[in-house]
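# Structural overview for review
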Amino acid sequence: MSKVITKFTRNVPHWQPRVTPVDLQEATEEQLDALKVTPSNTKVSDYVLTLAHDVESLKVRSPLFNGIMYDKGGMSRAERELGALAASMVNHCIYCAAVHAMRHAQLEKSTEVTDALFRDGVNAELGPRDRAIFDFAVALSECPSRAGREQMTALREAGLDEAEILDLVLSSSLFGWANRLMHVLGDPVRTESEEA
Amino acid sequence: MGLDTTATMIAGVAGDTPVGRAVETRASIFDMTQAAEDAVLRPKDPGPWSHALRAGLAARIATLNSDAELAARFVADAGEFAMLADPANDGDAQGVSAVVAFMDRVAADTRNVAVRDVSDLQAAGVADADIVRLAELNAFLAYQIRVIAGLRLMKDISA
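Residues numbered from 1 in each chain as written. Chains lettered and ligands numbered in written order. Predicted model: local features only at pLDDT ≥ 70, side-chain atom pairs only at ≥ 80, totals over all residues.

Before going further, it helps to spend a moment on the overall build of chain B. Counting secondary structure elements, chain B contains eight helices and zero strands. Helices and strands appear in chain B in the N-to-C order α-α-α-α-α-α-α-α. Taking 2.2 N^0.38 as the reference for a compact globule, 159 residues should give roughly 15 Å; the C-alpha atoms of chain B span a radius of gyration of 16 Å, in line with that estimate. Taking the principal axes of its C-alpha atoms as reference, chain B extends roughly 50 × 30 × 30 Å. Within chain B, the fraction of its 159 residues that count as buried is 48%. Residue pairs at least 24 apart in sequence account for 61% of intrachain contacts in chain B once pairs closer than 6 positions are excluded. (Helix = DSSP H or I, 4+ residues; strand = E, 2+ residues; numbered from the N terminus. Rg over C-alpha atoms; globule rule 2.2 N^0.38 Å. Buried ≥ 20, exposed ≤ 12 C-beta atoms within 10 Å, placed from the backbone. Contact = placed C-beta atoms within 7 Å.)

What follows deals with the interface of chain B and chain A. Listed by partner, the interface residues are 49 residues for chain B and 44 residues for chain A. When residues of the side of chain B that touches chain A are traced back to their parent elements, those giving at least two are helix H2 (18–25), helix H3 (27–41), helix H6 (97–108), helix H7 (115–123) and helix H8 (128–156) of chain B.

Residue and element names in this part refer to chain A. Where helix H3 (residues 55–70) meets helix H9 (residues 162–185), the axes come as close as 9 Å, and the angle between the chain directions of the two elements is 140°. Taken together, the axis directions place H3 and H9 in an arrangement best described as oblique. The handedness of the crossing between H3 and H9 comes out as left-handed. On H9, the residues touching Phe65, Ile68 and Met69 of H3 are Leu170, Ser171 and Leu174. (Axes fitted to C-alpha atoms, helices over the stretch in contact; angles between N-to-C directions. Parallel < 35°, antiparallel > 145°, perpendicular 65-115°, else oblique. Left-handed = near helix turned anticlockwise from the far one by under 90°.)

On to the pairing of strand S3 (residues 186–191) of chain A. Two strands pair when backbone bridges link them, and strand S1 (residues 2–4) of chain A and S3(A) are joined in this way by three bridges, in the antiparallel orientation. Within S3(A), the position partnered with Val4(A) by the bridge is Val189(A). (Pairing = 2+ DSSP bridges.)

Residues and elements named next belong to chain A. In terms of domains, chain A is made up of domain 1 (2–68 + 186–195) and domain 2 (73–177). Facing the 12 residues of domain 1 at the interface are 14 residues of domain 2. Among the residues making up the side of domain 1 that touches domain 2, the classes are represented as eight nonpolar, three polar and one charged. (Domains from an automatic or database assignment. Nonpolar A, V, L, I, M, F, W, Y, C, P; charged D, E, K, R; others polar.)

Now for the sheet that holds S1(A). Residues and elements named next belong to chain A. Taking strand neighbours across the sheet as the criterion, the three strands line up as S1-S3-S2 in an open arrangement whose pairing is antiparallel. Whereas interior strands pair on both sides, the edge strands pair on one side only; in this sheet they are S1 and strand S2 (14–17). Sheet twist, expressed as the mean angle between neighbouring strand axes with direction ignored, is 50°.

Moving on, we come to the nonpolar core. Ala58(B) and Ala59(B) are the most contacted members of the largest nonpolar core, which totals 112 residues. The element that contributes the greatest number of residues to this core is H8(B), accounting for 17 residues. Two domains each put at least three residues into this core: domain 1 (2–68 + 186–195) and domain 2 (73–177) of chain A. When residues no more than four places from it in sequence are discounted, the contact partners of Ala58(B) are Leu41(B), Phe74(B), Leu137(B) and Leu141(B). (Core = buried A, V, L, I, M, F, W, Y, C linked by C-beta atoms within 7 Å.)

Before going further, it helps to examine H8(B). Helix length check: H8(B) (29 residues) gives 42 Å between terminal C-alpha atoms against 42 Å at 1.5 Å per residue, within 8%. In terms of burial, H8(B) is largely enclosed, as 24 of its 29 residues are buried. (Expected span 1.5 Å × (residues − 1).)

Once that is clear, we can look at the environment of Glu150(A). Residues and elements named next belong to chain A. Mapping Glu150 onto the fold places it in helix H8 (residues 149–157). Accessibility expressed as a C-beta count within 10 Å gives 12 for Glu150, which makes it exposed. With 18 residues separating them along the chain, Glu150 and Ala132 place their C-alpha atoms 9.8 Å apart.

Encoded structure:
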């Protein structure tokens, strides 16, 4: 038995699909190509097998995700993770929030920021630069976006340059996308043995 | 490269400006964003969701996000589904009310999406693969709309 988790955590849960993923044994050539399945690499997550139902999107998605989160220059990787986390908190995507809070903590070698955010939510006490980044990403993630002059001015006053702001726009927007797949198509779960 | 995409054109980003130069350093990301738009709005294999229906749903999601300019761009390709751009239209007349209800919820009330939203579509006879197609369309638009909103702010509120 597994239990759906509803509280934010850095302890990354399992993702349990609400739809039936593609069966690797029955996958088309195009799906296998997009899944990067080779004789030496047959491990594919349920999440990616679920997305393989829309193979044309899956093919462009992975390089785009990697580019936005990992391309050199611009905003630091930890700050891009903070943008991703802000979006995931707005959309209440427990799985994405866990993955990106965990990465933020690893990159910063500190759990201070993500502890505060999970404990106190949007009112958490943050340094001025993290505050400006988090507030902008939260506002941009609402539907419709609430980001405006106030949040953009705060980013510039916190010292972010044009390239860094663009990376924040991209990384927080990207999680508007990822959250609507992860949080819609499946549940974050733990098995009973993990709970015990 | 990077400036001839839907996102940069709708946001009005010009080449020799601070925002335009920042976009050019991330040109491959903007080009891949355009490729992703093609994959969700004009896929080679659209399944049961025609290009016109996808454009109508995209226009609706842009409207829900208060982006009239982007909505108008998608409406131009929506044909008989152009009416869906108006969130007051529940899609019943077009025979897509279950799809429209799902798309509205995922776009505008994401945090409260639950297993019921998916099972309602399954009960309406939508195959799992086609639910994933709808989610990808919705999810991509959430991204593109926010990139445009962010670019507009960068452009309008200069350093």
